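Architecture and fold: a report
The residues making up each chain are set out below.
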Amino acid sequence: MRISFCQALLTGAIILNLLILYYVSRAQQQMMEKRREQSKGLKKASLPVAGLGAMGNLVGGSIVGGVKMGGLEANMRGPRVTILVLEFEDFENYVGDVARSFLRQRPELPFLAVAESPPYPPLALPEGARLLVLSPSPDQPPQSHRPEFNVQTEFVLLVPDGVELDHGRQIERLIRELEGEGGGPVRLVAAPVLTRSAVQCLHLRVNLREWTATYTSAASGSSGSVCTALQGDAVVLIRTEDLFNLSVPLGRPLMSSLFIQTSLRGWKVKLLEGPSFSASHRPLFSSAHNQWKADSRLKDATNHLMRSFGMKRVLLPDGRDQWFGCSKETPRCFGTVRDDTPEYLYLERWTPPCCLRALRETTKYVINILESSGVRYWLEGGSLLGAARHQDIIPWDYDVDLGIYLEDIPNCDYLKNLDSGSLVDANGYVWERAVEGDFYRVQYSEANHLHVDLWPFYPRNGVMTRDTWTEHKQDVEFPEHFLQPLVPMQFAGITAYGPNNHRAFLELKFGEGVIENPQYPNPAKKRLDRSRTLGS
């Protein structure tokens, strides 16, 4: 009997399906056997150890009839808290001592040392302590480097390097305090290391729109301080669910990373007055060189964290500023502006404070040179609008505009020879003729192109005009009487000069009500949400 091609193809397909069904059933059987084995293991783990209840030495239990039952119940349901040490240095640390101290008092608690990359030299951890490396490895499954898969307890205790556990009741006290807060805003509880003075309770206000974090001191009470951030040496307890609901649960520096995120969620931390945790290794580093290395790494980690979080400026409780944005030696924080809409507006943010600082410095510098050179100038366009509305640069503006009298340009050495090329002055500012049109530009530096634009006008029959025009709204004719006389106005921290009737001048150029009705430069691309605008 001859077999046709179709019959052979059908027979092959049937055989292939049977093979697939066979291997699928085998795989299902193996999975069921694995689950039964895991279930048996869990049942064994949940059985009480013989004679354990009569020992009466379990931590955290209540005594009933002479037997400490609470500890037995805790043992049956498993540990409630994981001890986690994150911030330590490879070249000198005491993580092994921390692990031994905690596991000596509470051997049932999981202990995790967390590092971005494998420590070198390797950590000498005791039995019961594990190392979790956060950087992924191509030969490992994703669970191996993700902390949320390695913490199975209800709480996480974040412990600094070198801290010791004197007795288990310290942990139970923190848990009771946090549970006592219920579902309120207090989502973290902390205890000081060594003394209460080693840690400071602070209020933290994070303004993402303005790229700024502001710390202020908080008052303390007899039963503890409730605030939004801590500074110093402290042990912190947080619910595991809360910790891993943060965008960056284990960022470094830990305190900065943790409290920037929790403050944005409206969470608070309660700092207990005591008891303090012990630490025999203080200071942590045995040499000035190691301390310098640690300080350098902390600075690098802080810079990386603030830039990743979009924090350009941090105001400290003592009034000092820390800057993490652009400078005279680096490019500005945003790229080429298209459609009069800088990229940060699409992120629901305003001009970074470092950029505003650079614009103010450049404005003050340029105005000082114009005044000393005898060049008449006035605040123009959006800069005049900022002076009228804020006495400063508009919070989302990205340059400064000044009008100047064309006939005064020969008075200024920096401007009169700019027909071709550019000039870098002794203070690093770049003077140039703009490529976009017939006007001048002064840049903050060769690296940083934040700038002040100078728009030359000349009078003709009582009207201030120009020979060529751009598409800028301020680049239009206007009566010269607005400049006769020029009047002083507060702007960007200095006294500058502007038109004598700035409201009429602005409404001529931008329309009626422009001062009272703020809007982004190109509403067709991005409109200002006035419900979120305060004081603008």
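In this text, all values refer to a predicted model and were calculated from it rather than measured experimentally.

1. Structural notes on the overall build of the chain
Counting its secondary structure elements, the chain contains 13 helices and 25 strands. Out of the 536 residues in the chain, the part that is buried amounts to 46%. Accessible area of the chain: about 27600 Å², with a carbon and sulfur share of 53%.

2. Things to note about helix α7 (residues 254-264)
By the criterion of burial, α7 is predominantly enclosed, with 10 of the 11 residues buried. Within the span of α7, buried status applies to L254, M255, S256, S257, L258, F259, I260, Q261, T262 and S263. Positioned one or two residues after α7, G266 has a phi angle of 80°, which is positive.

3. Section: the sheet that holds strand β8 (residues 199-207)
Taken in spatial order, the five strands make up an open sheet running β11-β8-β9-β14-β15, and their pairing is mixed. Of all strands in the sheet, those with a lone pairing partner are β11 (229-232) and β15 (321-323), marking the two edges. Each adjacent strand pair in this sheet contributes to an overall mean axis angle of 25°, direction not counted. Bridge count between strand β9 (residues 212-217) and strand β14 (residues 313-315): three bridges; the pairing is parallel.

4. Some remarks on the packing of aromatic side chains
As enumerated under the stated definition, the model contains 16 aromatic pairs in all. Ring geometry for W378 and Y405: centres 5.7 Å apart, planes at 80°, overall edge-to-face. Here the residue W378 occupies a position in strand β16 (residues 377-379), and Y405 occupies one in strand β17 (residues 400-405), the gap between them amounting to 27 residues. Classification of W378 as buried rests on a relative accessible area of 0%. Their ring planes at 50° and their centres at 6.0 Å tell us that W378 and F457 sit as a pair that is tilted. One end of the pair, W378, is in strand β16; the other, F457, is in strand β21 (residues 451-460), with 79 residues separating them in the sequence. Among the aromatic residues, ring-to-ring pairing joins W378, Y405, F457, W469, F478, F482 and F505 into one connected group. Above the ring of W469, the side-chain terminus of R466 is found at 6.0 Å from the ring centroid.

5. Examining the UniProt feature "domain: LicD/FKTN/FKRP nucleotidyltransferase" (unreviewed entry) in the chain
UniProt annotation of "domain: LicD/FKTN/FKRP nucleotidyltransferase" (unreviewed entry) refers to residues 372-408 when read in the numbering used here. Structurally, residues 372-408 comprises 32% helix and 24% strand, and the distance from its first C-alpha atom to its last is 12 Å.

6. With respect to the packing of helix α11 (residues 381-390) against helix α13 (residues 502-510)
Interaxial distance between α11 and α13 falls to 10 Å at its minimum, and their mutual angle equals 140°. Of the possible angle classes, the one that applies to α11 and α13 is oblique. Handedness of the α11/α13 crossing: left-handed. Mapping the contact onto sequence places G381, G382, L384, L385 and A388 in α11 and H502, F505, L506 and F510 in α13.

7. What about the state of the cysteines?
Think of a disulfide as a covalent bridge from one cysteine sulfur atom to another cysteine sulfur atom. Enumeration according to the criterion identifies one disulfide in this entry. With a sulfur-sulfur separation of 1.8 Å, C201 is cross-linked through a disulfide to C227. Around the S-S axis, the bridge from C201 to C227 shows a dihedral of about -90° and counts as left-handed. Of the two residues, C201 is situated in strand β8 and C227 in strand β10 (residues 225-227); the sequence distance between them amounts to 26 residues. Like C201, the residue C227 is buried in the burial classification. The thiol of C333 is unpaired, and the distance to the nearest cysteine sulfur, on C354, comes to 3.4 Å. A relative accessible area of 25% places C333 in the partly exposed class. When its relative accessible area of 2% is taken as the criterion, C354 is described as buried.

8. Observations regarding the nonpolar core
In terms of nonpolar packing, the biggest core is built from 63 residues, with L370, L402, L415, W431 and L454 touching the most fellow members. In contact with L415, not counting residues within four places along its chain, are L370, I404, I409, W431, Y440 and L454. In this structure, L86, V151, M306 and M311 belong to the second largest nonpolar core, which totals 44 residues.

9. Some details on the packing of α7 against helix α8 (residues 288-309)
Contact geometry for α7 and α8: axes closest at 10 Å, N-to-C directions at 20°. With respect to their mutual orientation, α7 and α8 come out roughly parallel. Between α7 and α8 lies a crossing of right-handed hand. Contact residues: S256, S257, I260 and Q261 in α7; L305, M306 and F309 in α8.

10. Some remarks on the sheet that holds strand β7 (residues 186-192)
In space, the eight strands of this open sheet follow the order β5-β4-β3-β6-β12-β7-β13-β10, with mixed pairing throughout. A strand with exactly one partner marks an edge of an open sheet, and here the two such strands are β5 (129-133) and β10. Within the sheet, the average angular offset between the axes of one strand and its neighbour, ignoring direction, is 25°. As paired strands, β7 and strand β13 (residues 268-271) are joined by four bridges and run parallel to one another. Looking across to β13, one finds that V189 is bridged to K270. Contacts from helix α5 (residues 169-180) reach β3 (81-85), β6 (155-158), β7, β12 (234-239) and β13, with the element oriented near 150° to β7.

11. Side note on the pairing of β12
Extensive coverage of β12 is indicated by the burial of six of its six residues. Residues of β12 alternate between two faces, with A234, V236 and I238 on one and V235, L237 and R239 on the opposite face, all of them buried. Of the pairings in the sheet, the one linking β6 to β12 comprises four bridges and is antiparallel in character. Bridge pairing in β12 places L158 opposite V236. Relative to β12, β7 runs antiparallel, the two being bridged by five bridges. Note on β12: the bridge partner recorded for A191 is V235.

12. Section: the pattern of salt bridges
Under the counting rule described, the total for this entry stands at 28 salt bridges. Across the pair R80 and E154 runs a salt bridge whose closest N-O atoms are separated by 2.9 Å. Placement of the pair is R80 in the loop between α3 (69-77) and β3 and E154 in the loop between β5 and β6, with a sequence separation of 74 residues. Salt-bridge contacts for D242 lead to R187; the nearest nitrogen and oxygen are separated by 3.0 Å. Residue D242 is found in helix α6 (residues 240-243), and its partner R187 is found in strand β7; the two are separated by 55 residues along the sequence. Judged by relative accessible area, R187 falls into the partly exposed class, the value being 24%.

Thresholds applied
Residues take numbers from 1 onward in each chain, read along the sequence in its written order. Local features are withheld for residues below a pLDDT of 70 in this predicted model, meaning they are given only at 70 or higher, and side-chain atom pairs are given and counted only at 80 or more; totals for whole chains, interfaces and linings count all residues. Only heavy atoms go into the side-chain values, all of them from the structure, while hydrogens and water stay out. The helix count covers DSSP runs of H or I at least four residues long, the strand count covers runs of E at least two residues long, and both are numbered beginning at the N terminus. Residue burial is assigned from relative accessible area. The probe radius is 1.4 Å, only protein chains are included, and a residue is buried under 20% of its type maximum, exposed over 50%, and partly exposed in between. Each accessible area value is a Shrake-Rupley result obtained with a 1.4 Å probe; residue values ignore everything except the protein chains displayed when judging cover. DSSP bridges decide pairing: two strands pair if at least two such bridges lie between them. Lines fitted to C-alpha atoms define the axes, with helix axes restricted to the stretch in contact, and inter-axis angles between N-to-C directions lie between 0 and 180 degrees. Stacked, edge-to-face and tilted are the three classes for Phe, Tyr and Trp ring pairs, Trp counted by its six-membered ring, which pair at centre distances within 6.5 Å; planes under 30 degrees apart are stacked, over 60 edge-to-face, the rest tilted. To sit over a ring, a charge needs its Lys NZ or Arg CZ within 6 Å of the ring centre and within 35 degrees of the ring normal. UniProt positions are given in the numbering used here, feature names are shortened, and annotations may be inferred rather than shown by experiment. Angles below 35 degrees are treated as roughly parallel, those above 145 as roughly antiparallel, those between 65 and 115 as roughly perpendicular, and all remaining angles as oblique. Here a crossing is called left-handed whenever its near helix is offset anticlockwise from the far helix by less than a right angle, and right-handed whenever the offset is clockwise. Any pair of residues with heavy atoms lying within 4.5 Å of one another is described as a contacting pair. Cysteine sulfur atoms that pair up within 2.5 Å are treated as a disulfide. To form a nonpolar core, buried Ala, Val, Leu, Ile, Met, Phe, Trp, Tyr and Cys residues must be joined to one another through side-chain atoms within 4.5 Å. Salt bridge, as applied in this entry: a Lys or Arg side-chain nitrogen positioned within 4 Å of an Asp or Glu carboxyl oxygen.

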